[in-house]
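The residues making up each chain are set out below.
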2 protein chains.
Amino acid sequence: MTAAERDGSPGANAATVPFRVRLDRDSDDLGTLLCVGLDPAPGTFEGSAADHCRRLVDATIDAAVAFKPNSAFFEAIGLDGMEQLARVIQHIDDERIVILDAKRGDIGSTAAAYARAAFEVLGARAVTVSPYLGGDSVAAFTRFADRGAFVLCHTSNPGATDLQTLESGGEPLYLHVARRAREWDALGNVGLVVGATYPDAIHAVRQVADLPLLVPGVGAQGGDVGEAVRAGLDASGRGLVVNSSREIARSSDPREAALRLRDELNAARRRAG
Amino acid sequence: MTAAERDGSPGANAATVPFRVRLDRDSDDLGTLLCVGLDPAPGTFEGSAADHCRRLVDATIDAAVAFKPNSAFFEAIGLDGMEQLARVIQHIDDERIVILDAKRGDIGSTAAAYARAAFEVLGARAVTVSPYLGGDSVAAFTRFADRGAFVLCHTSNPGATDLQTLESGGEPLYLHVARRAREWDALGNVGLVVGATYPDAIHAVRQVADLPLLVPGVGAQGGDVGEAVRAGLDASGRGLVVNSSREIARSSDPREAALRLRDELNAARRRAG
């Protein structure tokens, strides 16, 4: 163990595996592209959010390459929400990649505090970040090669087209973001978030950026699994994680629902390959 | 007390004062445009963050119309960071407007959870939000007339120009945001964040949007107080709060530093008026 590991600094180990390498390797080893979202929305579960999420993790871990807890729902629980979130992340214990869905973004020194909160206080492996404040705000999250930063590019919601598709210099804003993200990817740890509800956007982003894509919006939000996979895989047939939250969590049998979606993703991957 | 007040739902009281009205009224009554930032960055204070911030509040309250705690620094403290943040907000007890600087933004249902965390769990009066996900993500924060949402428009950092100044249809992105924010302001509770480090942007935003402006970036970040005030005041000589964090907190006499900046802002306001 190095001194850096002992003092817990993320990414300080010289033998660090870049986030992107870990993601593709885990996805190959585990044979799945599925990320299971952990969104403890009020009224959708019994008992504590931490217990609910740990049960969901245990039920779906065979089907998942990653878990994506959404910070908002833990923050809304009350003042002990962060503690419950930390317990969920500890339970996963880096056996699967934890992508903290926090959509953080602030000016340099403040962004560094958010990165510390995500990677050190909570122990997440990756985090979602907003591009609006530019490169210096994202840089705070990309300093550690073995921690990932998924930059919001084209989101899955209806309002995505309010700003993200504004044309500038013949290209929509979200493709400017994709190109910038490529520049920000000095250490092999930057990815992009592109919603499954806009398959053309996934396709367009894949043309300009050879970065891992995190694709939410299949299932409850209406995105098509086959299209997302076809559009999102990189040239090596990798570089893609597809998230499902509600469809799995609210199924009567989350394990079965997760395995079915894993298989559906893999079938689409074989057809695409 | 109405039932809505008893159960603590923000904005549910029919006699609600819209956020913007409260901001201008408080600013007039207290004779100040100053917002004091509460950024407990590690290594800049002794004791707990909550105690540090409460001392800073007590020292500067005579000079301030608002306080702006920055969520990032509390989240980075550890798992009890939110509790410390809540204690600071309770200490202010709505005697001054609390603008939670959180820069949140997510899709509809998730944004609603962030709004609940900011307004109900933490008890903030207003929050900063990101525009990148569009109108449906901002709407979750603007449902309560008496709670404010300051939308990031042109931020104070160098990276602001990576995306915010991209031209679309003859106008930079940040002015599209300003125009959208006007549309989102159905209840009189939407504002914009424009950094003092870009006085031309403050001026341009003021031309297109008659909304309250939150202007960070004076002092340590280099923005000029006089220019910010001249460019930022609305036609009635109101609609502006200017934030200072480090310059006040790290002064040997925060009270004195806050009163001096208040007076400087008021002098600039008189010159502008």
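The present account deals with the structure reproduced in this document.

About the criteria used
- Residues numbered from 1 in each chain as written.
- Chains lettered and ligands numbered in written order.
- Predicted model: local features only at pLDDT ≥ 70, side-chain atom pairs only at ≥ 80, totals over all residues.
- Heavy atoms only, no water.
- Contact = heavy atoms within 4.5 Å.
- Buried area = accessible area lost by both parts, 1.4 Å probe.
- Salt bridge = Lys/Arg side-chain N within 4 Å of Asp/Glu carboxyl O.
- Polar contact = N/O pair within 3.5 Å; in protein donor to acceptor, adjacent residues only side chain to side chain.
- Helix = DSSP H or I, 4+ residues; strand = E, 2+ residues; numbered from the N terminus.
- Nonpolar A, V, L, I, M, F, W, Y, C, P; charged D, E, K, R; others polar.
- Buried < 20%, exposed > 50% of the residue type's maximum accessible area, 1.4 Å probe, protein only.
- 1 Å grid on protein atoms, 1.4 Å probe; cavity = no way out; pocket = protein on both sides within 12 Å on 5 of 7 lines; lining within 4 Å.
- Points joined across faces, edges and corners; volume = space filled by probe spheres on them.
- Axes fitted to C-alpha atoms, helices over the stretch in contact; angles between N-to-C directions.
- Parallel < 35°, antiparallel > 145°, perpendicular 65-115°, else oblique.
- Left-handed = near helix turned anticlockwise from the far one by under 90°.
- Phe/Tyr/Trp six-rings, centres within 6.5 Å; stacked < 30°, edge-to-face > 60°.

**Structural notes on the interface of chain A and chain B**
Contact with chain A, which involves 56 residues of that partner, is made by 56 residues of chain B. Summed over both sides, the interface between chain A and chain B buries roughly 4600 Å², with carbon and sulfur atoms accounting for 60% of that surface. Our count for the contact surface shared by chain A and chain B stands at six salt bridges. Between Asp162 of chain B and Arg180 of chain A there is a salt bridge whose closest N-O contact spans 3.5 Å. Our enumeration of links across chain A and chain B arrives at 22 residue pairs in polar contact (both at pLDDT 80 or more). Sort the elements by how many residues they give to the side of chain A that touches chain B and helix α6 (residues 108–121) of chain A lands first, with seven residues. Within the side of chain A that touches chain B, the residues separate by chemical class into 27 nonpolar, 18 polar and 11 charged.

**Focus: the pattern of salt bridges**
Enumeration over the complete set of coordinates arrives at 44 salt bridges over all chains. With its nearest N and O atoms 2.8 Å apart, the salt bridge here joins Lys68 of chain A to Asp101 of chain A. Pair noted here: Lys68 of chain A is in strand β2 (residues 66–69) and Asp101 of chain A is in strand β3 (residues 97–104), with a separation of 33 residues, a long-range link. The class for Asp101 of chain A is buried, based on a relative accessible area of 5%. Measuring nitrogen to oxygen at the nearest pair gives 2.9 Å for the salt bridge that ties Asp26 of chain B to Arg22 of chain B. On the criterion of helical spacing, the pair formed by Asp26 of chain B and Arg22 of chain B is a turn pair, its members being four residues apart in helix α2 (residues 19–30).

**Overview of empty space enclosed by the protein**
For the structure on display, the rule yields six cavities of 30 Å³ or more. A volume near 110 Å³ is recorded for the largest cavity. The wall of the largest cavity is formed by 16 residues, among which Met82, Ala117, Ala118 and Leu122 of chain A together with Glu75 of chain B lie closest to the centre. The set of elements that each furnish at least two residues to the lining of the largest cavity consists of β3 and α6 of chain A.

**What about the packing of helix α10 (residues 199–208) of chain A against helix α11 (residues 225–232) of chain A?**
How two helices sit against one another is set out by the angle between their axes and by the gap between those axes. Residues and elements named next belong to chain A. Interhelical geometry of α10 versus α11 gives an angle of 15° and a closest axis separation of 8 Å. Here α11 runs roughly parallel to α10, going by the angle between their axes. Both α10 and α11 take part in a crossing whose hand is right-handed. Contact residues: α10 offers Pro199, Ile202, His203 and Arg206, while α11 offers Glu227, Ala228, Ala231 and Gly232. By residue class, the composition of the contact of α10 with α11 is four nonpolar, two polar and two charged.

**Re unusual backbone geometry**
Non-glycine residue Asp94 of chain A carries a positive phi angle of around 60°. Here Asp94 of chain A lies in the loop between α5 (81–92) and β3. Phi is positive for Lys103 of chain B, close to 50°, though the residue is something other than glycine. Summarising the element assignment, Lys103 of chain B is placed in strand β3 (residues 97–104). Overall, the relative accessible area of 8% leaves Lys103 of chain B in the buried class.

**A closer look at the packing of aromatic side chains**
Enumeration over the complete set of coordinates arrives at four aromatic pairs over all chains. Judged by centre distance (5.8 Å) and plane angle (85°), the rings of Phe19 of chain A and Phe150 of chain A are edge-to-face. Taken together, the residues Phe19 of chain A in helix α2 (residues 19–30) and Phe150 of chain A in strand β5 (residues 148–154) connect sequence positions 131 residues apart. The exposure classification of Phe19 of chain A matches that of Phe150 of chain A, with both residues buried. Here the aromatic rings of Phe119 of chain B and Phe144 of chain B are separated by 6.0 Å at their centres, their planes lie at 90°, and the arrangement is edge-to-face. Separated by 25 residues along the polypeptide, Phe119 of chain B in helix α6 (residues 108–121) and Phe144 of chain B in the loop between α7 (135–139) and β5 (148–154) bring together distant segments of the chain.

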